[in-house]
Amino acid sequence: LNTKVGHVLHVSFTGSYAKDCEIANNKYCLEAYEVYRSTTNYTSESDWLDGTKTTRLPDITVPAGTKEERGYARSFDDEGQTYANPNSKVGLSDSTKYYYRVRARDNTPADDIVPGPFYSALTEIDEVSPTGLNKGWDITPDATKPVLTHTDQATGVVTTGLEVKV
């Protein structure tokens with residue numbers, strides 16, 4: 001029994017990179033990915049970063065001294081947690097379409113010549129490709145009981161209902 005069905009989403013994205021990373025000093029390197037969730041697919045980055053419009057999830061940290069994650073598949077399970085309260089897993093609502101955007105953050109110090117940290121642009125949402133946004137997902141609530149069907153091999157008669165006698 002999976003009690004999380006309908007309340008947890010598995011989200012994946014492709015990693016980023018830090019072109020000026022000094023691996024030995026762990027400076028200017030990837031530090032974390034910031035993840036944002038919304039029920040609206042906003043078009044502007046400012047809307048996505050507006051905490052009154054979206055929910056920021058807990059950061060996904062990367063190992064110290066990480067420079068390169070391009071092409072690396074990252075993923076996480078969203079159980080309804082938030083950046084402000086990462087240990088509270090309240091679950092997600094059934095029959096709700098969620099959108100996610102991710103951005104990489106580096107660890108450039110705030111007191112550097114050009115103060116950091118620096119961020120990548122937010123990821124794009126793929127609504128076109130066959131593997132893109134919720135292809136094949138059913139976001140309609142299940143309001144009816146399942147119906148079983150049975151075809152009698154001898155007669156070809158199809159019986160529909162919850163009780164099938166064979």
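Higher on the page you've got the structure.
Residues numbered from 1 in each chain as written. Predicted model: local features only at pLDDT ≥ 70, side-chain atom pairs only at ≥ 80, totals over all residues. Heavy atoms only, no water.

What am I meant to see in the packing of aromatic side chains here?
A ring pair, where both rings are aromatic, is described by two values, the distance of the centres and the angle of the planes. All chains considered together, the criterion is met by 3 aromatic pairs. When the ring of Phe 13 is compared with that of Tyr 33, the centres are 5.2 Å apart and the planes differ by 65°; the resulting orientation is edge-to-face. You can see Phe 13 sitting in strand S1 (residues 9-14) and its partner Tyr 33 sitting in strand S2 (residues 30-38), a full 20 residues away along the chain. Their ring planes at 75° and their centres at 6.2 Å tell us that Phe 76 and Tyr 100 sit as a pair that is edge-to-face. Note that Phe 76 is positioned in strand S4 (residues 73-78) and Tyr 100 in strand S5 (residues 99-106), a separation of 24 residues in sequence. Comparing Phe 76 with Tyr 100, the two get one shared label, buried. Taking the ring centre of Tyr 83 as reference, the NZ or CZ of Arg 56 above it sits at 3.8 Å. The positively charged end of Arg 103 is found above the aromatic ring belonging to Tyr 119, 3.8 Å away from the centroid. (Phe/Tyr/Trp six-rings, centres within 6.5 Å; stacked < 30°, edge-to-face > 60°. Helix = DSSP H or I, 4+ residues; strand = E, 2+ residues; numbered from the N terminus. Buried < 20%, exposed > 50% of the residue type's maximum accessible area, 1.4 Å probe, protein only. Lys NZ or Arg CZ within 6 Å of the ring centre and 35° of its normal.)

What should I look at first to understand unusual backbone geometry in this one?
Most peptide bonds take the trans configuration, and most residues that are not glycine carry a negative phi. For the peptide bond that leads from Gly 116 to Pro 117, omega is 0°, which places it in the cis range. For Pro 117, the location among the structural elements is in the loop between S5 and strand S6 (148-151). Of note in the backbone geometry, Asn 26 takes a positive phi value of approximately 50° without being a glycine. In this structure, Asn 26 sits in the loop between S1 and S2. Its identity as a non-glycine residue notwithstanding, Tyr 28 has a phi of 65°, on the positive side. With a relative accessible area of 18%, Tyr 28 lands in the buried category.

What am I meant to see in the environment of Pro 63 here?
Relative to the elements of secondary structure, Pro 63 occurs in strand S3 (residues 55-66). When the C-alpha atoms of Pro 63 and Cys 29 are compared, they prove to be 9.7 Å apart, with 34 residues separating the residues in sequence.

Quick question: what am I supposed to make of the pattern of salt bridges here?
Oppositely charged side chains can pair when the atoms bearing their charge come close. Evaluation of the coordinates by the stated rule reveals 11 salt bridges. With a shortest N-O distance of 2.8 Å, Glu 34 and Arg 103 are connected by a salt bridge. Placement of the pair is Glu 34 in strand S2 and Arg 103 in strand S5, with a sequence separation of 69 residues. Between Asp 47 and Lys 53 there is a salt bridge; the shortest N-O distance is 2.6 Å. You can call Lys 53 partly exposed: its relative accessible area is 35%. (Salt bridge = Lys/Arg side-chain N within 4 Å of Asp/Glu carboxyl O.)

Looking at this model, I keep getting lost on the sheet that holds S3. Mind explaining?
Two modes of strand pairing occur in sheets, parallel and antiparallel, and in both the strands are linked by backbone hydrogen bonds. Sheet architecture is open: 3 strands sit in the order S3-S2-S5, paired in antiparallel fashion. Every other strand in the sheet has two partners, leaving S3 and S5 as the edge strands with one partner each. Recorded for the sheet is a direction-independent mean angle of 20° between the axes of neighbouring strands. (Pairing = 2+ DSSP bridges. Axes fitted to C-alpha atoms, helices over the stretch in contact; angles between N-to-C directions.)

Explain the state of the cysteines here, please?
Structurally, a disulfide amounts to a covalent bond that connects the sulfur atoms of two cysteines. Counted by the stated rule, this structure contains 1 disulfide. Each disulfide pairs two cysteine sulfurs, and for Cys 21 the partner residue is Cys 29, the sulfurs being separated by 2.0 Å. Taking the torsion about the S-S bond as the criterion, the Cys 21 to Cys 29 disulfide, at about 80°, is right-handed. Exposure class is identical for Cys 21 and Cys 29. Each is buried. (Disulfide = S-S within 2.5 Å.)

Note that all results are geometric; they support no functional claim without further evidence.
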